[in-house]
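Residue-level structural notes
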Amino acid sequence: MSTKQAKMILEKDFRIGEIDKRIYGSFIEHLGRAVYGGIYEPGHPAADENGFRRDVIDLINEIGVPIIRYPGGNFVSGYNWEDGIGPVGQRPKRLDLAWRTVEPNVIGTNEFMAWAKSVQAEVNMAVNLGTRGIDDARNLVEYCNHPSGSYWSDLRISHGVREPHAIKTWCLGNEMDGPWQIGHKTADEYGRLAQEAAKVMKWVDPAIELVACGSSGRGMATYADWEATVLDHTYHHVELLSLHTYYGNRTDDIRSYLAKSLDMDAFIGEVIAICDYVKAKKRSKKTMYLSFDEWNVWYHSHEADKKLEPWTVAPPQLEDVYTFEDALLVGSMLITLLRHADRVKIACMAQLVNVIAPIMTENGGAAWRQTIFYPYMHASVYGRGIALNPIIYSPKYDSKEYTDVPYLEATAVYSEEEETLTIFAVNKDTEEGLLLEADIRGFAGYRVVEHLVLENPDVKAANTAAAPDRVVPHNRGNAGVKDGYVQALLPKLSWNVIRLSQ
């Protein structure tokens, strides 16, 4: 029996805020086999009449992905969107300098928008502010969103798309602070360009919302100054600021690895502080929200990617095979996002299929769920409603990189409409289970419907085409309610979903 205990206090009135469903978004870039061989593979036994894989669509629908960022990523900074419209046979093949591949442009704006409808997802469309600029951005908005009667809208109609796509959310470029980016800019250069692009894009369609590029990561040399400068230019023109982060366990130190969600939490808090500084500086009543539009674990595939032949179509790039310990960190990162639901309104797990993704495919073969699929799916399906602000008492540990790391990473979501309460919890203890006692006396009559657990004795266990179900959740958790308290044993190194209702 465990000697460690943790406590939570949950009250209906202790609220962070309403969860924007787009916090469970994802990302598909023209990179590797995300598009070609991922969502699109004509000739595959599961392909529909348009060449899109139905087996992949089914897996995405299991998650319920509400919004998908597209088409990049680094790719977008060298992308001419006009290459992907009109008759497919007349589209040019282009060198993609971001990933050293050849882009055939078989899938473009209209094809992707049609596919997005099949998975009931909105699209967060990125514009190229690397090699291109204001004119190209406003033209893309006109092509996608204007009803008819103009050059670009009528061109869309001539391409067989009579109704406008009505894309609401747009990214003003990608990672423009990064020297690796095509068209890398200083904060002032990008801020001015983003401001002017935003202005004319909204003149074309005042209903859109815009995401400005924040830093590519918390470790960038220009971090914080970049955000402050960019927002100084764009604060009154955009609705959201982006954040990106990836983590890996390169030193094989699981205790430090699972603590990296603390870094993510600090990152979000710092960017909120910068946004609020600019708000105060401008004496503005407007609150800037955050789009954490790239986040995940990414490190397994680095060595393999160095060996790939350049200038091929859809090579197997960034195909991380995720382990059980990766799923635990992804669960902790999801909990971190929910704890900031008052300010983080969009988040995109990068990416969705094959490329650092929860879903993997074989060309001509199977599709399966990676380990990280499960916490992502659980959070999206069961984490809709109000993010509560729990009071948590947890024992802590120290690692090589972090101190005072709570063994319990947890949060809770309350749905007034459905009268449900869901507790998401990760036990980071490598040695023993953790006894959880959650005070839910404010939720009279609630009982445990299900206690889902993702656990595995091998932290390096992975799901593959040969063994797709090696790491899967079970519903044999022992959570129960007694005298207004949830009592549960969270197994060592486990992701837990405790679902309660009236």
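Residues numbered from 1 in each chain as written. Predicted model: local features only at pLDDT ≥ 70, side-chain atom pairs only at ≥ 80, totals over all residues. Heavy atoms only, no water.

Quick look at the overall build of the chain
So the rule is basically this: By the criteria applied, helices consist of DSSP H or I runs no shorter than four residues and strands consist of E runs no shorter than two, each listed in order from the N terminus. Radius of gyration: C-alpha atoms only; globule rule: 2.2 Å multiplied by the number of residues to the exponent 0.38. Only protein chains enter the calculation, and the probe is 1.4 Å; a residue is then buried if its accessible area is under 20% of its type maximum, exposed if over 50%, and partly exposed in between. Contact between two residues is taken to exist if any of their heavy atoms lie within 4.5 Å; hydrogens are not considered. Under the convention used here, a 1.4 Å probe and the Shrake-Rupley method define accessible areas, while residue burial counts only the protein chains that appear. Residues scored as charged are limited to Lys and Arg (positive) and Asp and Glu (negative), so that His and the chain ends carry no count. For this purpose, a charge sits on NZ of Lys, CZ of Arg, CG of Asp or CD of Glu.
Check the secondary structure of the chain and you find 11 helices and 25 strands. For a compact globule of 502 residues, the expected C-alpha radius of gyration is about 23 Å, and the chain comes in at 23 Å, within 12% of that figure. Dimensions of the chain, computed from C-alpha atoms along their principal axes, come out at roughly 70 × 60 × 45 Å. Looking at the chain residue by residue over its 502 residues, the buried ones come to 62%. When contacts within the chain are restricted to residue pairs at least 6 apart in sequence, those whose partners lie at least 24 apart make up 77%. Carbon and sulfur atoms make up 50% of the accessible area of the chain, which amounts to about 19100 Å² in all. Side chains of the chain give 52 positive and 68 negative charges; the mean places of these two sets differ by 2 Å.

Here's the deal with helix α8 (residues 261-281)
For the record, the criterion: Here the expected length of a helix is defined as 1.5 Å per residue gap, with one fewer gap than residues.
Across its 21 residues, α8 extends 30 Å between first and last C-alpha, which sits within 8% of the 30 Å expected from 1.5 Å per residue. Within α8 the residues assigned to the buried category are Ser261, Asp263, Met264, Phe267, Ile268, Val271, Ile272, Ile274, Cys275 and Val278. On its buried face, α8 sits against α6 (225-234), β10 (240-247), β11 (289-297), α10 (324-339), β12 (344-350) and β19 (408-415). Two residues or fewer after α8 comes Arg283, characterised by a positive phi angle close to 50 degrees.

Some remarks on the sheet that holds β19
Note the threshold: Following DSSP output, two strands are said to pair if at least two bridges run between them. Between the N-to-C directions of two axes lies an angle of 0 to 180 degrees, each axis being a line fitted to C-alpha atoms and, for a helix, fitted only over the stretch in contact.
Taken together, 6 strands build an open sheet; the order of strands is β2-β15-β19-β20-β25-β22 and the sheet is antiparallel. The two strands at the open ends of the sheet, each matched to only one other strand, are β2 (15-18) and β22 (447-454). Ignoring strand direction, the axes of neighbouring strands in this sheet form an average angle of 20 degrees. Looking at chain direction, β2 and strand β15 (residues 386-388) are connected through 3 bridges and run antiparallel. In the sheet register, Glu18 faces β15, and the bridge partner there is Ile386. Strands in contact with α10 are β2, β15, β19, β20 (420-427), β22 and β25 (494-501); relative to β19, the strand with the most contacts, it is inclined by about 50 degrees.

Examining helix α1 (residues 54-63)
Looking at α1, one finds that the buried residues are Asp55, Val56, Ile57, Leu59, Ile60 and Ile63. As for α1, its buried residues are in contact with α2 (109-118), β13 (359-361), β14 (367-369) and α11 (373-382). Positive phi appears at Gly64, one or two residues downstream of α1, with a value of about 75 degrees.

What about the packing of α1 against α11?
The line we're drawing: In what follows, roughly perpendicular refers to angles from 65 to 115 degrees, roughly parallel to angles under 35, roughly antiparallel to angles over 145, and oblique to any angle outside these ranges.
Close contact between α1 and α11 brings their axes to 7 Å; oriented N to C, the two are set at 55 degrees. Accordingly, the angle class assigned to the pair α1 and α11 is oblique. In contact with Leu59, Glu62 and Ile63 of α1, α11 contributes Phe373, Tyr376, Met377, Ser380 and Val381.

Observations regarding the pairing of strand β7 (residues 122-127)
Extensive coverage of β7 is indicated by the burial of 5 of its 6 residues. The pairing of strand β4 (residues 67-70) with β7 spans 4 bridges and is classified as parallel. Across the sheet, the residue bridging to Ile67 is Glu122, located in β7. As judged from the 4 bridges shared by β7 and strand β8 (residues 169-172), these two strands associate in the parallel manner. Following the sheet pairing, Asn124 is matched in β8 by Thr169.

Considerations on the sheet that holds strand β23 (residues 480-482)
The 5 strands are arranged β16-β1-β21-β24-β23 in an open sheet whose pairing can be described as mixed. Of all strands in the sheet, those with a lone pairing partner are β16 (391-393) and β23, marking the two edges. Adjacent strand axes in the sheet meet at a mean angle of 20 degrees when their direction is disregarded. With 5 bridges joining them, strand β1 (residues 5-9) and strand β21 (residues 434-439) adopt parallel strand pairing. Opposite Gln5, over in β21, you have Leu435 as the bridge partner.

Topic: the nonpolar core
As a reminder, the rule being used: Note on terminology: a nonpolar core comprises buried Ala, Val, Leu, Ile, Met, Phe, Trp, Tyr and Cys residues joined through side-chain atoms within 4.5 Å.
Formed by 153 residues in total, the largest nonpolar core has its most connected members in Trp115, Trp170 and Leu172. For this core, the element with the most residues is α10, which contributes 10 residues. In this structure Leu172 touches Val127, Leu129, Tyr190, Ala194, Ala197, Ala198, Met201, Leu210, Val211, Cys213 and Val238, once residues within four positions along its chain are discounted. Grouped together as the second largest cluster of nonpolar side chains are 10 residues, Val76, Val211, Cys348 and Ala350 included.

Topic: the confidence of the model for the chain
As a reminder, the rule being used: pLDDT is defined as a per-residue confidence score from the predictor, taking values between 0 and 100.
When the pLDDT values of the chain are averaged, the result is 98; 100% of them are 70 or greater. The secondary structure element of the chain with the lowest average pLDDT is helix α9 (residues 302-306), at 94, and the one with the highest is strand β9 (residues 209-212), at 99.

A few points about empty space enclosed by the protein
For the record, the criterion: Whether a set of points on the 1 Å grid over the protein atoms alone is a cavity depends on a 1.4 Å probe fitting there but being unable to get out, while an open set qualifies as a pocket with protein on both sides within 12 Å along at least five of seven lines; lining residues are those with an atom within 4 Å of a point. Grid points are joined across faces, edges and corners, and a volume is the space filled by probe spheres set on the points. Polar here means any residue other than Ala, Val, Leu, Ile, Met, Phe, Trp, Tyr, Cys and Pro, which are nonpolar, and Asp, Glu, Lys and Arg, which are charged; Gly is therefore polar.
Counting across every chain of the model gives 3 cavities of 30 Å³ or more. Looking at the largest cavity, its volume works out to about 100 Å³. Lining the largest cavity are 13 residues, with Trp81, Ala126, Val127, Asn128 and Leu140 positioned closest to its centre. Counting residues per element, the ones that place at least two in the lining of the largest cavity are β7 and α3 (134-145). Space inside the second largest cavity adds up to approximately 80 Å³. Around the second largest cavity, the lining comprises 13 residues; the ones closest to its centre are Leu31, Gly32, Thr101, Glu103 and Ala314. Of the residues belonging to the lining of the second largest cavity, the class tally is 8 nonpolar, 4 polar and 1 charged.

Looking at the packing of aromatic side chains
Here the distance between the centres and the angle between the planes together describe a pair of aromatic rings. Put simply, the rule is: Between 30 and 60 degrees the pair is tilted, below 30 it is stacked and above 60 it is edge-to-face, where a pair is any two Phe, Tyr or Trp rings, Trp via its six-membered ring, whose centres lie within 6.5 Å.
Within this structure, the stated rule accounts for 18 aromatic pairs. Considering the side-chain rings of Tyr397 and Tyr407, the 5.0 Å spacing of their centres and the 40 degrees angle between planes classify their relative orientation as tilted. In this pair, Tyr397 sits in strand β17 (residues 396-397) while Tyr407 sits in the loop between β18 (405-406) and β19, placing the two residues 10 residues apart along the sequence. When sorted by exposure, Tyr397 lands in the same class as Tyr407, which is buried.

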